[in-house]
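An overview of the molecular structure
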Amino acid sequence: MTIRPTAGNGAHAALPRLDRTDIRILAFLQRNGRATNAALAEAVGLSPSPCLMRVKRLEKAGYIAAYTAQIALQKLGPTLVVFTEVTLSDHRAPDFARFEQAVRATDEIVECHLISGGYDYLLKFIVPSLPHYQETIERLLAREIGIEKYFSYVVIKTIFAKPFHPVEVLFGEG
């Protein structure tokens, strides 16, 4: 299977074609970002030099957005995850832009999704406590960024959170 993606930012520039090996490289690197090129090459069935060339091509094309470390927050101290549904009072393009700019600049908000259905956005907050969450929401409301109403859902226990995407299921043959 060969995938011919296009740039996701609305541009029409064609990105490099991805084959099954490229997908395997991406899937492996998601789970093993610190792997050596030799280990990656062995895992995907290539020799090191062609493997490195593919990785560089994938990085240059933007398929590999970053290499990061996942921090075990629970080891640092107590945290609270809160999902918040937000409905805006107005629905013009400038209203969405103003809201999105404000939430992007709020450190406690780690995800923001524009959603179809009964509300406009789903936000994911990570905060040290419930009072901190409430202070953060009150700061957002005080900024008058168009929030009509919001509903909060405090996470009691995270059963699992996968740190990777099912790349091979989505784009591989399988």
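Rules used throughout
- Residues numbered from 1 in each chain as written.
- Predicted model: local features only at pLDDT ≥ 70, side-chain atom pairs only at ≥ 80, totals over all residues.
- Heavy atoms only, no water.
- Patch = residues over 30% accessible without salt bridge, like charges linked within 9 Å, V, L, I, M, F, W, Y side chains within 5 Å.
- Areas by Shrake-Rupley, 256 points an atom, 1.4 Å probe, with all protein chains shown as cover.
- Salt bridge = Lys/Arg side-chain N within 4 Å of Asp/Glu carboxyl O.
- Helix = DSSP H or I, 4+ residues; strand = E, 2+ residues; numbered from the N terminus.
- Buried < 20%, exposed > 50% of the residue type's maximum accessible area, 1.4 Å probe, protein only.
- Core = buried A, V, L, I, M, F, W, Y, C linked by side-chain atoms within 4.5 Å.
- pLDDT = per-residue confidence, 0-100.
- Contact = heavy atoms within 4.5 Å.
- Expected span 1.5 Å × (residues − 1).
- Pairing = 2+ DSSP bridges.
- Axes fitted to C-alpha atoms, helices over the stretch in contact; angles between N-to-C directions.

A cluster of nonpolar residues, Ile-71, Leu-73 and Leu-76, forms a patch on the protein surface that exposes about 320 Å² of accessible area. Its place among the elements puts Leu-73 in helix α4 (residues 73-76).

What follows covers the pattern of salt bridges. Scanning all chains against the criterion turns up eight salt bridges. With its nearest N and O atoms 3.5 Å apart, the salt bridge here joins Glu-108 to Arg-139. Of the two residues, Glu-108 is situated in the loop between α5 (93-104) and β2 (109-114) and Arg-139 in helix α6 (residues 130-142); the sequence distance between them amounts to 31 residues. A relative accessible area of 14% places Glu-108 in the buried class. Salt bridges sharing common partners tie together Asp-19, Asp-22, Arg-54 and Arg-57.

If you look at the biggest cluster of nonpolar residues, it comprises 17 residues, and the most contacted ones within it are Val-86, Phe-99, Leu-123 and Phe-125. Contributing elements (two or more residues each) for this core: β1 (80-88), α5, β3 (121-127) and α6. Counting 14 residues, the second largest nonpolar core, distinct from the first, contains Leu-18, Ile-23, Ile-25 and Val-167.

Here the focus is the confidence of the model for the protein. On average, residues of the protein score 91 in pLDDT, and 91% of them are at 70 or above. In this model, residues 6-12 is a region of pLDDT below 50 whose contacts with residues beyond four sequence positions or in other chains number four contacts.

Once that is clear, we can look at helix α3 (residues 48-60). Compared with the 18 Å implied by 1.5 Å per residue over 13 residues, the 18 Å span of α3 between its first and last C-alpha is a close match. For α3, the secondary structure elements touched by its buried residues are α1 (20-31) and α2 (37-44). Where α3 terminates, the next one or two residues include Gly-62, which has phi positive at roughly 90°.

This next bit is on the side chain of Thr-21. Counting through the fold element by element, Thr-21 comes out in helix α1. Residues in contact with Thr-21, not counting those within four places in the same chain, are Val-44, Leu-46 and Arg-54.

Right, let's talk about the environment of Val-127 for a bit. Looking at where Val-127 falls in the secondary structure, it is placed in strand β3. Overall, Val-127 belongs to the buried group, its relative accessible area being 1%. For the pair Val-127 and Glu-108, spaced 19 residues apart in the sequence, the C-alpha separation amounts to 6.0 Å.

Read across the sheet, four strands follow the order β2-β3-β1-β4 without closing on themselves; strand pairing throughout is antiparallel. What marks the edges here is a single partner per strand, and that holds for β2 and β4 (147-154). Neighbour-to-neighbour, the strand axes of this sheet turn through a mean angle of 20°, independent of strand direction. Bridge count for β1 against β3 is seven bridges, and the pairing is antiparallel. Within β3, the position partnered with Thr-84 by the bridge is Leu-123. Contacts from α6 reach β1, β2, β3 and β4 within the one sheet, and its direction differs from that of β4 by about 165°.

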